[in-house]
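Topology and contacts: notes
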Amino acid sequence: MSPITPDALQAALDAGHIGHLTPDQTTFLKKIWQHLLEQFKQPGDPNSKPLSEDKAADAVPVKKGGFFSRSKKADNENTEIFLGTTTDPKWLSEPSEKAILLIPGAELERAFWSMVMGDNPDAVILRFCRARKWVFDDAYTMLINALRWRLVNRIDDLIALGETGIHDELESLRAGMGDSFIWNLHSGKVYFGGPDNHKRGVCFINVRFHHKEDQLMETVKLLTMYVMESSRAIVNQPMETVCIVFNLEDFTLANMDFDFIKFLIHCFEAYYPETLGQCLIHKAPWIFSTVWAVVAPLLDPVVASKVHFTKNLEELTKYVPETSLPSFILGDETKKTKFEMMKTDTPKPGSLPVSLTPAIQEYRDRIKDFSSETIAWTKTDKGADDEGRLEQARRLRHARIKADPDLRGPSTWELKKFVSINDGRLIVDFGNDGWTPMDITDSV
């Protein structure tokens, strides 16, 4: 068998992405858009409402415990108090074909454009198409499932509140929970950096700082979703994926949280498909083999193919350049990155509901323009690279960037200028000596 040439490999990687669609794939994309835009018109069920406070208090507690769990928290502490409290629980608990009829189309539309954020809308839909091997019913159902998940889990609210707003909201609902969220966020468990060798952002996870019994599972979910949504701010075409590095140095079984692992895997496979570029498991001790024997069978083959084990810095730098590695990975406190050394004030809290500003109105107007252009496009034989829609996508991205300060609560990452918006331009700075701040405003 002849070896695969670099050009052939790149063509395989590009297949099904923007600018590389076959005529059949373009037709498939148009069909998705037609169904989706029509779905946005549905009235929903006016009797579909959130549980009352009394009924919510009597709801079945969230399942606690799990693999290697040492948690002994009371059942009432494991009832979720933020997630799922503003929507009818049937929106997520019922099968998709039943639940979808309950949800107002306007809510689905809001969730969709929130998911798109500043990305190319076609690119977002195509991720679901590729994940479900271009089987229409499967791809469309997966997309709808992601939207109802986002609505029930209040993703828009998390974005709008920002880290301090989330703290204040949680603290008002359950004393200590807001403090727990902030402690987890700034404990050293999670560090944003990069880029990897493919210019992707990198999320470093220091597993040794995590103990399952230190926080409620709802806090873990909130932290995970907040980090995932925050990292998406740097998505730009053609770079749609992220690199995750699990640093297992000093790992023991006390650090294992199987419920978190299952939740993270499910998020990537069901709600953020095709967004994981590579997952590096660094310095795994021999005891981790018992954990991996349980985790590996849970992985989708596509996700599993992106997992690599690295034993030392030499192996790790095959995927992430040394200039992108923080001091805790290098094992040298004298080589801290700019962001490691930087101290910031506490970010101001975001608020709910989000007020309508001129920038948000402009963004909504651009959504209407793109939708109208797309409806017309689906009735033609034009390809997905139609210049009219590309220009509308570019205007939409620009409007979303300008509206971002009004839609997103402030964060420490923003204060450190990891991501910053200057005069409507979106700038990414990974904060290391090998990186020059990059303007990604027009990367659509």
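Quantities reported herein were computed from a predicted structural model and do not represent experimental measurements. (Residues numbered from 1 in each chain as written. Predicted model: local features only at pLDDT ≥ 70, side-chain atom pairs only at ≥ 80, totals over all residues. Heavy atoms only, no water.)

Some thoughts on the confidence of the model for the chain
Per-residue confidence for the chain gives a mean pLDDT of 90; residues scoring 70 or more make up 91%. In the predicted structure, residues 56-75 sits below a pLDDT of 50 and forms 30 contacts with residues beyond four places in sequence or in another chain. (pLDDT = per-residue confidence, 0-100. Contact = heavy atoms within 4.5 Å.)

Here's the deal with the environment of Tyr 191
Examined against the element boundaries, Tyr 191 turns out to sit in strand β1 (residues 190-193). Accessibility expressed as a relative area gives 12% for Tyr 191, which makes it buried. C-alpha separation for the pair Tyr 191 and Val 245, spaced 54 residues apart in sequence, amounts to 9.8 Å. The residues contacting Tyr 191, other than those within four sequence positions of it, are Val 202, Cys 203, Phe 204, Pro 326, Phe 328, Thr 337, Phe 339 and Glu 340. Within the local environment of Tyr 191, its side chain forms a polar contact with the side chain of Thr 337, the two groups lying 2.5 Å apart. (Helix = DSSP H or I, 4+ residues; strand = E, 2+ residues; numbered from the N terminus. Buried < 20%, exposed > 50% of the residue type's maximum accessible area, 1.4 Å probe, protein only. Polar contact = N/O pair within 3.5 Å; in protein donor to acceptor, adjacent residues only side chain to side chain.)

A few points about the packing of helix α6 (residues 105-116) against helix α8 (residues 136-152)
With their axes 9 Å apart at the nearest point, α6 and α8 run at an angle of 95 degrees to one another. On the basis of the axis angle, α6 is roughly perpendicular to α8. On α8, the residues touching Glu 107, Leu 108, Arg 110, Ala 111, Phe 112, Ser 114 and Met 115 of α6 are Leu 143, Ala 146, Leu 147, Arg 150 and Leu 151. Class assignment of the residues belonging to the contact of α6 with α8 gives a composition of 8 nonpolar, 1 polar and 3 charged. (Axes fitted to C-alpha atoms, helices over the stretch in contact; angles between N-to-C directions. Parallel < 35°, antiparallel > 145°, perpendicular 65-115°, else oblique. Nonpolar A, V, L, I, M, F, W, Y, C, P; charged D, E, K, R; others polar.)

Overview of the nonpolar core
Ranked by internal contacts, the top residues of the largest apolar core, which has 123 residues, are Trp 33, Leu 36, Phe 112, Trp 113 and Leu 222. At 11 residues, the largest contribution of residues to this core is made by α8. With near-sequence residues (within four places) excluded, Leu 36 lies in contact with Phe 112, Ile 125, Tyr 140, Leu 143, Ile 144 and Leu 147. (Core = buried A, V, L, I, M, F, W, Y, C linked by side-chain atoms within 4.5 Å.)

Quick word on the sheet that holds strand β6 (residues 419-422)
If you walk across this open sheet you meet the 3 strands as β6-β7-β8, and the pairing is antiparallel. Looking at which strands have only one partner, the edges of the open sheet turn out to be β6 and β8 (438-439). Sheet topology note: the strand β7 (residues 425-428)/β8 ladder contains 2 bridges and is antiparallel. When the sheet's bridge partners are listed, Val 428 is paired in β8 with Met 438. (Pairing = 2+ DSSP bridges.)

Some details on the sheet that holds strand β3 (residues 242-247)
In space, the 5 strands of this open sheet follow the order β1-β2-β3-β4-β5, with mixed pairing throughout. The open sheet has two edge strands, β1 and β5 (307-310), and neither has a second partner. The average angle at which neighbouring strand axes cross in this sheet is 20 degrees, direction not considered. Bridging between strand β4 (residues 276-282) and β5 involves 4 bridges; their strand directions are parallel. Pairing of Cys 279 across the sheet is with Val 307, part of β5.

Observations regarding the pattern of salt bridges
Following the criterion strictly, the structure yields 29 salt bridges and no others. Here Arg 200 makes a salt bridge to Asp 196, at a shortest N to O gap of 2.8 Å. We classify Arg 200 as buried; its relative accessible area is 9%. The network of salt bridges with common partners includes Asp 119, Arg 127, Arg 130, Glu 240 and Glu 274. (Salt bridge = Lys/Arg side-chain N within 4 Å of Asp/Glu carboxyl O.)

Remarks on helix α11 (residues 217-231)
For α11, which comprises 15 residues, the first-to-last C-alpha distance of 21 Å matches the rise-based estimate of 21 Å (1.5 Å per residue) to within 8%. Of all 15 residues in α11, 15 are buried, a share of seventy percent or more. (Expected span 1.5 Å × (residues − 1).)

Overview of the packing of aromatic side chains
Per the counting criterion, the structure on display carries 25 aromatic pairs. Ring geometry for Phe 28 against Trp 134: centres 5.2 Å apart, planes inclined by 75 degrees, an arrangement best described as edge-to-face. Remark: Trp 134 occurs in the loop between α7 (121-131) and α8 and Phe 28 occurs in helix α2 (residues 23-39); sequence separation between them is 106 residues. What makes Phe 28 buried here is its relative accessible area of 12%. Residues Phe 430 and Trp 435 carry aromatic rings whose centres are separated by 4.7 Å and whose planes lie at 70 degrees to one another, so their mutual orientation is edge-to-face. No difference in accessibility class separates Phe 430 from Trp 435, as the two residues are buried. (Phe/Tyr/Trp six-rings, centres within 6.5 Å; stacked < 30°, edge-to-face > 60°.)

Section: the pairing of β6
Sheet analysis places β6 next to β7, joined by 4 bridges and oriented antiparallel. Bridging from a neighbouring strand, Val 419 pairs with Val 428 of β7. What sits between β6 and β7 in their antiparallel hairpin is a turn of 2 residues, with Asp 423 showing a positive phi close to 55 degrees.

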